[in-house]
Amino acid sequence: MPVPFILDILIQTKFLTKTFMKKFISISILFVLLLNGCTQQVYQKQFYVFGTLVGVSIWGVSTEEADTAVDVIIKDLQLMHHQWHAWDPSPLTDLNQAMATGKSGILTDTALLIQAQQLYTLSDGLFNPAIGQLISLWGFHKDDLSHTQALPSQKQISALVALNPRMDDIQIENNQVLSHNRAVQLDFGAFAKGYAIDRAIKTLRQLGIQNAIINAGGNLKAMGKKGDTSWVIGIRHPSGSGILGGVVLNGEESVITSGNYERFREYQGVRYSHIIDPRTGNPAKGLSSVTVIAQSGALADAASTALTIAGLKDWHRIARQMGIKYVMLVDDAGIVYVNPAMAKRVQFPAEQVPTIVVSEPL
Ligand code: ADP
Ligand code: MG
């Protein structure tokens, strides 16, 4: 099926190196696309936060109103990024240190933790933000990933898996957080951006904006429309370039893609995904990208990670359990798997229609 429309946003580059971003920030200050002050144009702005390029498009308000609102969400995104940073010193690393010594610590926004616990349970523990130690062991607690650092030994991996860090080891009382298992180390990398875009869209709404898209490096949420037209987004091809497919969005929706094509380690010719299977302690294999559409960005983010681990054998069961209605998976050979409801929504470019396998309904 051809894509008969112009894409508003191509879900794109996730993690850019710090060096590149320093250059980018200076360019982006000039690159604020203010398409004039009238209400009929799409306002666009890009900035760097959460280790990724974030783009906001807004329709239906003046440039001044959009600017003011965007400033508010930039500050809030920066705050969330700092609070939940898993390796730079942050309130989260303080909490992790406290939990490692059996003490309680503080997390200001416990709603994030509570939602993460619920999604952990719904995903049968495949989405498990308590496995920070394993993620670090695999060398992913770095901005720029090393392709020469040796891989962890199976002994080290098995030792951490045996400690069995679980989200339900964590007890929350007001803002006090305590883990009954000292091996619990929180890492919200699979979830924070989805949660953050939910909060950003909510803030925009509170500031009187009804039509917007926010795209935080492959984690996208939209609301409303551009006048009479729906927002249309492009999902990046996991090969790294071009568009895999386009989707027309209906009101408030989030489209989140987890992939092994942006953030991975390549060691001696083998690629290791940054998504770790908590059951084995090894990187997930077999799928290059998983896209989920749901109203909640937090849910879609957690689900895209969990389904990557569930793989082709188990994605249906986990998606159903998590209440997900739209899924698209791409395996390492480029074959696309979709449930029938998703098949109706994704349009593939005429010049590059992949092999598509439509599953049973979810
Ligand atoms: P992407 O960055 O491609 O959107 P994800 O949303 O799946 O990917 O997030 C991957 C990140 O989540 C990893 O870099 C790591 O910090 C964390 N992570 C890895 N494995 C898991 C897991 N099983 N459960 C929860 N978080 C994970
Ligand atoms: Mg995710």
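Residues numbered from 1 in each chain as written. Chains lettered and ligands numbered in written order. Predicted model: local features only at pLDDT ≥ 70, side-chain atom pairs only at ≥ 80, totals over all residues. Heavy atoms only, no water.

Draft legend 1. Structural context of the sheet that holds strand β14 (residues 287-294). Reading across from one edge, β2-β3-β7-β8-β11-β14-β15-β16-β18 is the order of the nine strands in this open sheet, with mixed pairing throughout. Two strands bound the open sheet, and with one partner strand each, they are β2 (42-49) and β18 (356-358). Taking each pair of neighbouring strands and ignoring which way they run, the sheet shows an average axis angle of 10 degrees. Relative to β18, strand β16 (residues 336-338) is paired through three bridges, and the arrangement is parallel. (Pairing = 2+ DSSP bridges. Helix = DSSP H or I, 4+ residues; strand = E, 2+ residues; numbered from the N terminus. Axes fitted to C-alpha atoms, helices over the stretch in contact; angles between N-to-C directions.)

Draft legend 2. The arrangement of the site of ligand 1 in detail. Lining the immediate environment of ligand 1, one finds 21 residues, of which Asn128, Ser258, His274, Ile276 and Thr305 sit closest. Between glycine 259 and ligand 1, the recorded distance is 3.1 Å, taken from a backbone N or O atom to an oxygen atom. Coverage of ligand 1 by the protein amounts to 97% of the 580 Å² it exposes when considered alone. Of all elements in the fold, only β11 (253-259) and α8 (297-322) reach the threshold of two or more residues within the shell around ligand 1. (Near = heavy atom within 4 Å. Polar contact = N/O pair within 3.5 Å; in protein donor to acceptor, adjacent residues only side chain to side chain. Areas by Shrake-Rupley, 256 points an atom, 1.4 Å probe, with all protein chains shown as cover.)

Draft legend 3. Broad picture of the pattern of salt bridges. Counted according to the given criterion, the structure contains ten salt bridges. As a salt-bridge pair, arginine 345 and glutamate 253 come within 2.7 Å of each other at their nearest N and O atoms. Taken together, the residues span a long stretch of sequence, with arginine 345 in helix α9 (residues 340-345) and glutamate 253 in strand β11 at a distance of 92 residues. Judged on exposure class, the residue arginine 345 and its partner glutamate 253 are both buried. (Salt bridge = Lys/Arg side-chain N within 4 Å of Asp/Glu carboxyl O. Buried < 20%, exposed > 50% of the residue type's maximum accessible area, 1.4 Å probe, protein only.)

Draft legend 4. Molecular detail of helix α2 (residues 63-83). If you check α2, its first and last C-alpha atoms are 30 Å apart, about what 21 residues at 1.5 Å a residue would give, namely 30 Å. Residues of α2 that are buried: Thr63, Ala66, Ala69, Val70, Ile73, Ile74, Asp76, Leu77, Met80 and Gln83. Where the residues of α2 are buried, they touch β2, β3 (52-59), α3 (91-100), α7 (192-206) and β7 (211-216). (Expected span 1.5 Å × (residues − 1). Contact = heavy atoms within 4.5 Å.)

Draft legend 5. Inspection of the coordination of the magnesium ion (ligand 2) at higher detail. The protein atoms that coordinate the magnesium ion (ligand 2) are Ala190 (O), Asp301 (O), Asp301 (OD) and Thr305 (OG1), at distances spanning 2.1 to 2.6 Å. The sequence motif formed by the donor residues of the magnesium ion (ligand 2) is A-x110-D-x3-T. Placement of both aspartate 301 and threonine 305 in helix α8 is noted, with a separation of four residues, approximately one turn of the helix. Threonine 305 matches aspartate 301 in its accessibility class, with the two residues each being buried. (Donors = N, O, S within 2.8 Å, 3.2 Å for Na, K, Ca; no water.)

Draft legend 6. Expanded view of the sheet that holds strand β6 (residues 176-179). The strand order β4-β6-β5 describes an open sheet built from three strands, whose pairing is antiparallel. Of all the strands in the sheet, just β4 (105-106) and β5 (170-173) have a single pairing partner and so form its edges. With two bridges connecting them, β4 and β6 associate as antiparallel partners. Looking at the pairing, isoleucine 106 lines up with glutamine 176 of β6. Relative to β5, helix α4 (residues 110-122) is tilted by about 140 degrees, and along the sheet it contacts β5 and β6.

Draft legend 7. Region of interest: α7. For α7, with 15 residues, the first-to-last C-alpha span of 21 Å sits near the 21 Å given by 1.5 Å per residue. In terms of burial, α7 is largely enclosed, as eleven of its 15 residues are buried. Taken residue by residue, α7 has Ala192, Lys193, Gly194, Tyr195, Ala196, Ile197, Asp198, Ala200, Ile201, Thr203 and Leu204 as its buried positions. The first or second residue beyond α7 is glycine 208, which carries a positive phi of 90 degrees.

Draft legend 8. Main features of unusual backbone geometry. The phi angle at aspartate 124 is positive, at roughly 60 degrees, despite the residue not being glycine. With a relative accessible area of 44%, aspartate 124 lands in the partly exposed category. Here asparagine 164, not a glycine, exhibits a phi torsion of approximately 50 degrees, which is positive. Within the element layout of this structure, asparagine 164 appears in the loop between α6 (154-162) and β5.

Draft legend 9. Region of interest: the side chain of threonine 257. In this structure, threonine 257 sits in strand β11. Looking at threonine 257, the relative accessible area reads 2%, which means it is buried. Polar side-chain contacts of threonine 257 include one of 2.9 Å to the side chain of threonine 291.

Draft legend 10. Main features of the pairing of strand β8 (residues 219-223). The buried fraction of β8 is high, at five of five residues. The two faces of β8 match: Asn219, Lys221 and Met223 on one face and Leu220 and Ala222 on the other face are all buried. As judged from the four bridges shared by β7 and β8, these two strands associate in the antiparallel manner. Directly across from asparagine 215, in β8, lies its bridge partner leucine 220. The sheet contact formed by β8 and β11 spans four bridges and is antiparallel.

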